[in-house]
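Summary of structural features
Listed below, chain by chain, are the residues.
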Amino acid sequence: MRAVDTNVQVPFFRYSHVFGQHREQYMAALLRVLEPGAFILQEDVRLFEQELAAYVGCKHAIGVGNATDALTIVLRAAGIGRGDEVIVPAHTFVASAAAVHWAGATPVVCDIAGDNLIDPVHAESLVTSRTRAIMPVQLNGRTANMEQVLAVAARHGLQVIEDSSQALGSRFKGRCAGTWGRAGVFSFYPAKLIGAFGDAGAIVTDDDDLAAEVRLLRDHGRSGHGGEVQRWGMNSRLDTVHAAVLRVKLRHYGEEVAHRRRVAAIYSQALSGIPGLWIPPGPADSDAHYDVFQNYEIRSQHRDALRAWLEQRGIRTIMQWAGKGLHQFPALGLRAHVAEADRFFKECLLLPMNSSVTDDEARSVADAVRAFCVDGNQ
Ligand SMILES: Cc1ncc(COP(=O)(O)O)c(C=O)c1O
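First, a word on what this report is: a plain description of the structure on this page.

Calculation notes
- For every chain, the first residue of the written sequence is number 1, and numbering continues from 1 along that sequence.
- Only residues with pLDDT of 70 or above have their local features reported here, since the model is predicted, and side-chain atom pairs are shown and tallied only from 80 upward, although totals for entire chains, interfaces and linings are computed over all residues.
- By convention in this description, side-chain values take in all heavy atoms of the structure and omit both hydrogens and water.
- A cutoff of 4 Å decides nearness: a residue is near a molecule or strand if any of its heavy atoms lies inside that distance of it.
- Two N or O atoms form a polar contact when they lie within 3.5 Å of each other; inside protein one atom must be a possible hydrogen donor and the other a possible acceptor, and for residues adjacent in sequence the pair counts only when both atoms belong to side chains.
- With residues, only the protein chains shown are counted as cover, and all accessible areas are computed by Shrake-Rupley using a 1.4 Å probe.
- Cavities and pockets are found on a 1 Å grid laid over the protein atoms alone: a cavity is a set of points where a 1.4 Å probe fits but cannot escape, a pocket is an open set with protein on both sides within 12 Å along at least five of seven lines, and a lining residue has an atom within 4 Å of such a point.
- The rule for placing a molecule in a cavity or pocket is simple: more than half of its atoms must lie within 2 Å of the grid points.
- Numbering of helices and strands runs from the N terminus, with a helix taken as a DSSP run of H or I at least four residues long and a strand as a DSSP run of E at least two residues long.
- Under the convention adopted here, Pro, Cys and the residues Ala, Val, Leu, Ile, Met, Phe, Trp and Tyr are nonpolar, Asp, Glu, Lys and Arg are charged, and Gly plus all remaining residues are polar.
- Grid points are joined across faces, edges and corners, and a volume is the space filled by probe spheres set on the points.

Here the focus is the site of the ligand. Around the ligand, the structure places 15 residues, and the nearest of them are Ala67, Thr68, Asp163, Ser187 and Lys192. Here Ala67 contributes a backbone N or O atom positioned 2.9 Å from an oxygen atom of the ligand. Thr68 is positioned with one of its side-chain polar atoms (N or O) 2.5 Å from an oxygen atom of the ligand. Its free accessible area being 390 Å², the ligand has 92% of it covered by the protein chains. In this structure the site holding the ligand corresponds to the largest pocket. Contributing elements (two or more residues each) for the shell around the ligand: α4 (67–77) and α5 (94–102). Tallied by class, residues from the shell around the ligand come to six nonpolar, seven polar and two charged.

Right under this line is the structure:
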């Protein structure tokens with residue numbers, strides 16, 4: 001094993017890199033919007049929606065303010081509200097459940113399976129006469145086994161709304177995250193796979209009626225012509241400046257994914273087979289899954305000591321969402337018996353994973369993790 005480079009400094013994320021990477025193209029895109037004052041629902045929004053729909057392989061994409069709004073809007077558009085229950089995995093950002101709450105329904109917290117994503121068997125056991133939908137959450141750039149999720153939904157007549165905020169371009173059996181259920185959503189928060197220079201999100205669907213309803217709800221319930229208000233709506237439009245930037249990002253997204261998969265391969269190669277360390281499947285490990293590695297999340301029973309060890313070496317890691325599941329925030333009052341999720345949140349840790357991580361940095365991070373686990377430093 002190589003000696004660990006004690007001088008390495010690997011931040012978790014380099015925010016300045018986000019703009020620096022394709023600076024000239026961003027400036028051209030921004031000027032195209034700013035100079036004519038094309039701020040709200042202008043050409044770049046329409047074009048980004050078209051390009052995003054083509055990229056994921058569905059009929060409609062509708063740009064909105066962020067993914068939390070996207071979920072809230074799509075639930076409301078799908079007719080889900082007061083008195084209804086929506087099954088959501090414990091392992092997700094609070095936004096998934098918050099959207100259910102703000103749609104007026106009740107989030108019901110479900111356990112995760114061995115892949116750290118929604119457990120369809122536990123989900124099925126939670127179905128009641130009030131359940132209207134299941135919300136699988138496609139985390140870390142991986143799509144859940146959607147055949148199993150759709151089978152549960154079909155048996156009980158439930159809608160499937162995918163929170164694919166972290167999974168643009170990820171596929172299961174060749175089909176993109178977000179396109180399996182009635183609708184899916186994406187987040188373009190700056191640290192996401194494609195990030196805007198602020199908040200942004202989108203909804204994708206093949207359903208013409210749902211798409212039309214979503215377009216109304218994102219813009220005050222107004223129809224495009226004459227401003228006639230047809231429902232109570234929200235103001236959650238995708239800003240044209242963000243759409244222009246996202247179009248640049250989408251053009252370069254193939255390179256971004258290739259980079260992330262290369263970093264994941266370096267991690268996976270160096271860290272596979274270490275007792276007590278769980279690592280995600282590598283990029284070449286499955287024919288069914290195509291992962292885009294929004295994050296590279298490992299599990300260790302010595303997580304806190306490992307984290308401190310990496311920190312001492314200038315390697316920054318993160319426990320997603322304060323290291324807590326939905327049911328572990330007392331203020332939300334969400335109770336759940338989710339043994340696997342409870343274990344997961346004691347063990348999970350995100351290693352640096354983004355387009356600024358170099359191959360050498362990835363090797364240094366992997367070496368440091370290995371040194372902790374294998375050389376008896378734990
Ligand atoms: C799984 C998941 N769902 C929802 C969201 C909310 O996205 P946004 O910040 O665009 O509202 C995020 C963002 O972190 C997320 O990771």
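Here we come to the layout of surface pockets. Volume-wise, the largest pocket comes out at about 640 Å³. What lines the largest pocket is a set of 29 residues, and nearest its centre among them are Phe93, Gln166, Tyr189, Lys192 and Trp321. Secondary structure elements with two or more residues in the lining of the largest pocket: α4 and α5. Considering every element that reaches the lining of the largest pocket, the biggest residue donor is α4, with three residues. Split into classes, the residues belonging to the lining of the largest pocket amount to 16 nonpolar, ten polar and three charged. Its volume calculated, the second largest pocket comes out at about 270 Å³. Lining of the second largest pocket is provided by 23 residues; of these, Gln21, Leu193, Lys249, Glu256 and Ser355 occupy positions nearest its centre.

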